[in-house]
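The chain contents come next:
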Amino acid sequence: MLDQPIRSLKQLNVSRLQMGVQRILLLRPDTPNPSLPPDVRSLEVLAPDIIIPSQETTYWCHMYQLPPNMPKHHIVMYEAVITPGNEAIVHHIEVFECSPQMDTVPQYSGSCDSKMKPQKLNNCRHVLAAWALGAEPFYYPSDAGLPLGGEGSSRFLRLEVHYHNPLLISGRRDSSGIRLWYTPSLRRFDAGIMELGLVYTPVMAIPPHQRSFPLTGYCTAACTRTALPHGGIHIFASQLHTHLAGRTVRTVLVRGGKEVEVVQEDKHYSTHYQIIRILRKMVTVLPGDALVTKCTYNTEDRDKPTVGGFGIMEEMCVNYVHYYPRTQLELCKSHVDPGYLQKYFSLINRFHGGEGCSCSQKTVEEEFSSVSWDSFSEEVLNSLYTTSPISMHCNKSTAELFPGDWEKQKIPEVSEEFQHHPYRCELGRTAPWSTGATEVQPDHTG
């Protein structure tokens, strides 16, 4: 269509265009992806031609085994493999490595929520790869790779596929998953993936009819001081994740009570464009630093509260950061202390003429649904989340907590926010190659 240069917009025949929206990240580093090494091999971890359940949300778990006595390799790239026709149903995919202490893991392929799922699968929590809607193939930097096989690793992998099937389509088969590209030529650094943000729990909720309601998850100084090496870690990539109500996501590095650097930020977040973003400049996190991940949500079209959880109509606030050198710290997330949330329910019920809350008889979801939502209950909930103590999940890949007292922790104090240098467009300046704004006039000749 544009095989010849055009000198005017009038020369562009828009009738031949297929209309639609394409999301794109303009401010990405202008660096090419590293070349794959000549000895690279590939491994596909795929769902075994399952029939997608005819329900809105399904998390499907499938166990996969690596060859026995596989020596250590480095994953240098991975990409999604989506069954043609299922692009709109496969929401996100993860591959987890099981705990190396497990000699055997039962073979299983079925719903992750099923009572038939073996309990041992809960110990498969070390992330090897994570993909979500809109993500492109991910390349590791030339001096780092994610370990696969070898001493201290497990030969058992768990594939987890999130299917979003709002039309309740039945009979649809799927073999989607992840293709791992790995090499026996080990690189200088072992890389790792860490989850930041909020724990997936209903105690974190958004009231209905909110234009912009914030929730914040913390990776506290106590956790990084306990889990990180003396020289710290270096974050080189980041993948932000919420569900449908998410509008903005921001992770900042806090050192000495001051925001010193933005790890990643998206002011126009879309759950349909969850690319893994290579950072323009690596961020070094030292022991004693804190990482604060804040998400804002829009629930103007919802009449009921939106709680945290795995369902697509529930919410998440996550930043998967890629870093090196690899540590045992797999997950550094938080949620409000449940006891303080119960005090909130009692206060709101009494304010609206009730007798406090019968919290032991109701689930958190039921308590949130019974709240009479007005400006008072909304403001008090926001105040609760920004001032009350938190429960920290400072977890190893085995799902075990690092040693320490992680309950009723104080929220990290931030006395000074980071101020970035404004982009030229934010200053209202005109680009040097432009002489002014271009006015596009409609063509009335057609």
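Scroll up to find the structure this text is about.
Attention here is on the structure that accompanies the text. None of the values given here were measured: they were computed from a predicted structure. (Residues numbered from 1 in each chain as written. Predicted model: local features only at pLDDT ≥ 70, side-chain atom pairs only at ≥ 80, totals over all residues. Heavy atoms only, no water.)

Overview of the packing of aromatic side chains
Point 1. Across all of its chains, the model carries eleven aromatic pairs by this definition.
Point 2. Measuring from centroid to centroid gives 6.0 Å for tyrosine 140 and phenylalanine 236, while their planes differ by 65 degrees, and the two rings are edge-to-face. Note that tyrosine 140 is positioned in the loop between β8 (138-139) and β9 (144-148) and phenylalanine 236 in strand β17 (residues 233-241), a separation of 96 residues in sequence. There is no split in this pair, since tyrosine 140 and phenylalanine 236 are both buried.
Point 3. By way of ring pairs, the aromatic residues Tyr78, Phe138, Tyr140, Phe189, Phe236 and Tyr324 are connected into one cluster.
Point 4. The ring of phenylalanine 96 carries arginine 125 above its face, with NZ or CZ at 4.6 Å from the centroid.
Point 5. Over the ring of phenylalanine 156 we find arginine 155, and its NZ or CZ is 5.5 Å from the ring centre. (Phe/Tyr/Trp six-rings, centres within 6.5 Å; stacked < 30°, edge-to-face > 60°. Helix = DSSP H or I, 4+ residues; strand = E, 2+ residues; numbered from the N terminus. Buried < 20%, exposed > 50% of the residue type's maximum accessible area, 1.4 Å probe, protein only. Lys NZ or Arg CZ within 6 Å of the ring centre and 35° of its normal.)

Describing the state of the cysteines
Point 1. Evaluated as defined, the whole model comprises five disulfides.
Point 2. Across a sulfur-sulfur distance of 2.0 Å, cysteine 98 and cysteine 124 are joined as a disulfide pair. With the S-S dihedral at roughly 90 degrees, the linkage between cysteine 98 and cysteine 124 falls on the right-handed side. Taken as a pair, cysteine 98 in the loop between β5 (90-97) and β6 (109-111) and cysteine 124 in the loop between β6 and β7 (126-132) lie far apart in primary sequence, 26 residues in all. (Disulfide = S-S within 2.5 Å.)

What about the pattern of salt bridges?
Point 1. Tallied over the full model, the rule gives 13 salt bridges.
Point 2. The closest approach of N and O atoms between arginine 173 and aspartate 49, which form a salt bridge, is 3.2 Å. Of this pair, arginine 173 sits in strand β11 (residues 173-174) while aspartate 49 sits in the loop between β1 (41-46) and β2 (50-51), and the two are 124 residues apart along the sequence.
Point 3. Judged by relative accessible area, which is 43%, arginine 173 ranks as partly exposed.
Point 4. Residue glutamate 413 pairs with lysine 410 through a salt bridge whose shortest N-O separation is 2.8 Å. Lysine 410 carries the same exposure label as glutamate 413, and that label is exposed.
Point 5. Bridged by salt links that share partners, the residues Glu44, Glu79 and Arg179 form one connected network. (Salt bridge = Lys/Arg side-chain N within 4 Å of Asp/Glu carboxyl O.)

Examining the nonpolar core
Point 1. Of all hydrophobic cores here, the largest spans 56 residues; its most connected members are Met63, Tyr78, Val95, Tyr140, Tyr163, Ile178 and Leu180.
Point 2. Counting 29 residues, the second largest nonpolar core, distinct from the first, contains Val252, Ala290, Met392 and Cys394. (Core = buried A, V, L, I, M, F, W, Y, C linked by side-chain atoms within 4.5 Å.)

Remarks on a nonpolar patch on the surface
Point 1. On the surface, Ile24, Leu26 and Leu27 cluster together into a nonpolar patch covering about 360 Å² of accessible area.
Point 2. Within the secondary structure, isoleucine 24 is located in the segment before β1. (Patch = residues over 30% accessible without salt bridge, like charges linked within 9 Å, V, L, I, M, F, W, Y side chains within 5 Å. Areas by Shrake-Rupley, 256 points an atom, 1.4 Å probe, with all protein chains shown as cover.)

Examining the pairing of strand β18 (residues 246-255)
Point 1. Relative to strand β21 (residues 290-297), β18 is paired through eight bridges, and the arrangement is antiparallel. When the sheet's bridge partners are listed, glycine 246 is paired in β21 with tyrosine 297.
Point 2. In this sheet, strand β19 (residues 258-266) lies alongside β18 in antiparallel orientation, the contact comprising seven bridges. Following the sheet pairing, valine 254 is matched in β19 by glutamate 259.
Point 3. Where β18 hands over to β19, the hairpin turn is made up of two residues, of which glycine 256 adopts a positive phi near 65 degrees. (Pairing = 2+ DSSP bridges.)

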